[in-house]
Amino acid sequence: MDVKRVKDYLYWLYYQYQLVTCSYVLEPWEQSMFHTITVTVLAMVVYTAYVFVPIHVRLALEFFSQIFGPQAEGTV
């Protein structure tokens, strides 16, 4: 891939982000605060999903395997 195309694409994505969040109308210090808070919240969401989603999936699989698992020998 051409480096210029990648750079232009990343700039386009950043521009779309600014349009969606309306952060282009903020002053520079407000933009930096807004971006810092946004990145922090996004990082916390990703970390929480990474830590807790596998635990909940495992617990759900154990729960449903007990409900729909093999029948007891006495009921055969």
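Cut-offs used in this document
- Residues numbered from 1 in each chain as written.
- Predicted model: local features only at pLDDT ≥ 70, side-chain atom pairs only at ≥ 80, totals over all residues.
- Heavy atoms only, no water.
- UniProt positions renumbered as here; feature names shortened; annotations may be inferred.
- Helix = DSSP H or I, 4+ residues; strand = E, 2+ residues; numbered from the N terminus.
- Contact = heavy atoms within 4.5 Å.

The name recorded for the protein in an unreviewed UniProt entry is Serine palmitoyltransferase small subunit B, from Toxostoma redivivum. The UniProt entry for the protein carries the following comment under Sequence similarities (unreviewed entry): "Belongs to the SPTSS family. SPTSSB subfamily." Under the heading Subcellular location (unreviewed entry), UniProt records this for the protein: "Endoplasmic reticulum membrane".

Engineer: Could you clarify how one ought to interpret the side chain of Gln 18 in this entry?
Structural biologist: Structurally, Gln 18 can be placed in helix H1 (residues 3–21). Discounting chain neighbours no more than four positions away, the residues touching Gln 18 are Ser 23, Tyr 24 and Gln 31.

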